[in-house]
Amino acid sequence: LTVTFQVTSGSGSVNPGSSLTDASGLAQTTVTAGATAGPLVITASVSTLTQTASAHLAVQPQPPATIAIVSGDSQSVTSGAAFGQPLVVKVTTASAAGVPGLTVTFQVTSGSGSVNPGSAVTDTSGRAQTAVTAGATAGPLVIMASIAALTQTASGHFTVQAPPTQFAGRWVGTTSQSRALTL
């Protein structure tokens, strides 16, 4: 008899999709879990029978393998100003699939600045973001992103610029004389 195998619910695949029974009446297939965690149901059927058999499996999420900056670093603003774009990171598995539902912690590791929020949960594509604001002191600013499940971190590098210097003073002399600025 030919037994047909198919995924009836969840994320996965079967190979082969059909198999002949052996002398003991058994047929087999290989099940491969898909990228989405959750229940997986495989149904086996024979065209001459009305009854089917189902295997209920659970697809476990793949663990996170990397965290990386996606966008928002390498910006420059004047001290005290917010950077124009958020710092965005992505957490992925070894197969490059985004990992949802993980808490990413953002923190200033050097320089003068702040982040808001200090932590964010990855979305369905594995991305999390924070807004970065320059502090009062000019110079390099480094924001580190990390998750508890990895020892690896990702760092965004920013530049805080000093505000333009403003002078107040008055001119001394007439228009035909050389001028001196008194501060």
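This write-up is about the structure you can find in this document. Everything quoted here is computed from the prediction, not taken from an experiment.

This brings us to the sheet that holds strand β13 (residues 127-134). Taken together, 4 strands build an open sheet; the order of strands is β7-β9-β13-β11 and the sheet is antiparallel. Looking at which strands have only one partner, the edges of the open sheet turn out to be β7 (66-71) and β11 (113-116). Taking each pair of neighbouring strands and ignoring which way they run, the sheet shows an average axis angle of 30°. Pairing between strand β9 (residues 87-92) and β13: 4 bridges, direction antiparallel. Within the sheet, the bridge partner assigned to Val 88 lies in β13 and is Gln 129.

Before going further, it helps to spend a moment on the packing of aromatic side chains. Applying the stated criterion across every chain, the model contains 1 aromatic pair. Plain terms: the ring middles of Phe 83 and Phe 158 are 4.8 Å apart, the flat faces sit at 55° to each other, and that makes the pair tilted. Of this pair, Phe 83 sits in the loop between β8 (76-78) and β9 while Phe 158 sits in strand β15 (residues 154-161), placing them 75 residues apart in sequence. Accessibility assignment for this pair places Phe 83 and Phe 158 in one class, buried.

Next up on the list: the nonpolar core. Formed by 22 residues in total, the largest nonpolar core has its most connected members in Ile 67, Phe 83, Val 104, Phe 106, Val 132 and Ile 143. Of all the secondary-structure elements, those providing two or more residues to this core are β9, β10 (103-110), β13, β14 (139-146) and β15. Among residues more than four places away in sequence, those in contact with Ile 143 are Leu 87, Phe 106, Gln 107, Val 108, Val 115, Val 132, Ala 154, Ser 155, Gly 156 and Phe 158. By size, the runner-up hydrophobic cluster in this structure holds 8 residues, among which are Val 3, Phe 5, Val 14 and Val 59.

As a further point, take the side chain of Ser 146. Structurally, Ser 146 is set in strand β14. Beyond its immediate sequence surroundings of up to four residues, Ser 146 is in contact with Ile 67, Thr 103, Val 104, Thr 105 and Thr 153.

Let us now look at the sheet that holds strand β6 (residues 53-59). Taken together, the 4 strands give an open sheet; going across it, the order is β3-β1-β5-β6, and neighbouring strands pair in antiparallel fashion. Strand pairing shows two members of the sheet lacking a second neighbour, β3 (18-20) and β6, which therefore form its edges. For this sheet, the mean angle separating the axes of adjacent strands, direction not counted, is 25°. As judged from the 5 bridges shared by strand β1 (residues 2-9) and strand β5 (residues 38-45), these two strands associate in the antiparallel manner. Its bridge partner being in β5, Val 7 is matched across the sheet by Ile 42.

Okay, the environment of Gly 25 next. One can find Gly 25 in the loop between β3 and β4 (30-33). When the C-alpha positions of Gly 25 and Leu 1 are compared, they lie 8.1 Å apart, and in sequence the two are 24 residues distant.

This brings us to the environment of Ser 112. Checked against the element boundaries, Ser 112 lands in the loop between β10 and β11. Along the primary structure Ser 112 and Ala 136 are separated by 24 residues, whereas in three dimensions their C-alpha atoms are 6.5 Å apart. Of the polar contacts made by the side chain of Ser 112, one reaches the backbone nitrogen of Ala 136; its length is 3.2 Å.

Glycine aside, a negative phi is what most residues show, and trans is what most peptide bonds show. In this model, Asn 15 is joined to Pro 16 through a cis peptide bond whose omega is 0°. As for its placement among the helices and strands, Pro 16 is situated in the loop between β2 (12-15) and β3. Omega for the peptide link from Asn 116 to Pro 117 comes to 5°, which places this bond in the cis form. In this fold, Pro 117 is placed in the loop between β11 and β12 (119-121). The backbone phi angle of Ser 74 is positive, close to 65°, even though this residue is not glycine. Structurally, Ser 74 is set in the loop between β7 and β8. According to the relative accessible area criterion, Ser 74 is exposed, its value standing at 64%.

Calculation notes
Residues numbered from 1 in each chain as written. Predicted model: local features only at pLDDT ≥ 70, side-chain atom pairs only at ≥ 80, totals over all residues. Heavy atoms only, no water. Pairing = 2+ DSSP bridges. Helix = DSSP H or I, 4+ residues; strand = E, 2+ residues; numbered from the N terminus. Axes fitted to C-alpha atoms, helices over the stretch in contact; angles between N-to-C directions. Phe/Tyr/Trp six-rings, centres within 6.5 Å; stacked < 30°, edge-to-face > 60°. Buried < 20%, exposed > 50% of the residue type's maximum accessible area, 1.4 Å probe, protein only. Core = buried A, V, L, I, M, F, W, Y, C linked by side-chain atoms within 4.5 Å. Contact = heavy atoms within 4.5 Å. Polar contact = N/O pair within 3.5 Å; in protein donor to acceptor, adjacent residues only side chain to side chain.

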